[in-house]
Amino acid sequence: VQLQASGGGLVQAGGSLRLSCAASGRTFSDYVMGWFRQAPGKEREFVAGITWSGGSALFADSVKGRFTISRDNVKNTVYLQMNSLKPEDTAVYYCAAGRLFYKEKERYAYWGQGTQVTVSS
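Predicted model, so just to flag it, every value in this text is computed and none were measured. (Residues numbered from 1 in each chain as written. Predicted model: local features only at pLDDT ≥ 70, side-chain atom pairs only at ≥ 80, totals over all residues. Heavy atoms only, no water.)

A. Broad picture of the side chain of Arg 37. Structurally, Arg 37 can be placed in strand β4 (residues 32–38). What makes Arg 37 buried here is its relative accessible area of 6%. Within the local environment of Arg 37, its side chain forms a polar contact with the side chain of Glu 45, the two groups lying 2.7 Å apart. At 2.9 Å, the side chain of Arg 37 forms a polar contact with the side chain of Asp 89. (Helix = DSSP H or I, 4+ residues; strand = E, 2+ residues; numbered from the N terminus. Buried < 20%, exposed > 50% of the residue type's maximum accessible area, 1.4 Å probe, protein only. Polar contact = N/O pair within 3.5 Å; in protein donor to acceptor, adjacent residues only side chain to side chain.)

B. The arrangement of unusual backbone geometry in detail. For Asn 76, which is not a glycine, the phi torsion comes out positive at approximately 55°. By relative accessible area, which is 25% here, Asn 76 ends up partly exposed. You will see that Ser 84, though not glycine, has its phi angle at about 50°, which is positive. Relative to the elements of secondary structure, Ser 84 occurs in the loop between β8 (77–82) and β9 (91–98).

C. Summary view of the packing of aromatic side chains. Throughout the structure, instances matching the rule amount to six aromatic pairs. Both rings, one in Tyr 31 and one in Tyr 110, keep their centres 5.9 Å apart while their planes meet at 85°; by these two values the pair is edge-to-face. A residue pair is termed long-range when its members are at least 10 positions apart, and Tyr 31 in the loop between β3 (17–24) and β4 and Tyr 110 in strand β10 (residues 108–111) qualify at 79 residues. Given the relative accessible area of 3%, Tyr 31 is considered buried. Chaining the aromatic ring pairs together yields one cluster made of Phe 36, Phe 46, Tyr 94, Tyr 108 and Trp 111. Lying over the aromatic face of Trp 111, Arg 44 brings its terminal NZ or CZ to 4.9 Å of the ring centre. Taking NZ or CZ as reference, Arg 107 lies 4.1 Å from the ring centre of Tyr 102, over its face. (Phe/Tyr/Trp six-rings, centres within 6.5 Å; stacked < 30°, edge-to-face > 60°. Lys NZ or Arg CZ within 6 Å of the ring centre and 35° of its normal.)

D. Focus on the state of the cysteines. If you walk through the whole model with that rule in mind, you get one disulfide. The side chain of Cys 21 participates in a disulfide bridge whose partner is Cys 95; the two sulfur atoms lie 2.1 Å from each other. The sign of the S-S torsion, about 65°, decides the handedness of the disulfide formed by Cys 21 and Cys 95: right-handed. Here Cys 95 lies in strand β9 and Cys 21 lies in strand β3, a separation of 74 residues in the sequence. We note that Cys 21, like Cys 95, is buried. (Disulfide = S-S within 2.5 Å.)

Right under this line is the structure:
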């Protein structure tokens, strides 16, 4: 499956952004979807994940209550709505597709190219 992430940008602290990730090539609803991020000098970390139908979601503790994840299996797109952004949210954000619902990045076989999110203080 091919993934194309978009929607990143520069935003002030407290602002919002919505990331999108469009999938193609395989049956989208066969995959769980995840969002990860990687800040300079840091490991890539799990941000949020959503199950095949969108019925369940998981979030990293650092984003709970601020970020939501959703998917549209007709448009083959997963979204990450990010509110109340903080400077520590600055990172390259990646979407990923996997067969099973895990937080570990090693469980995801397909990755998008990443989109930069920069939050200024």
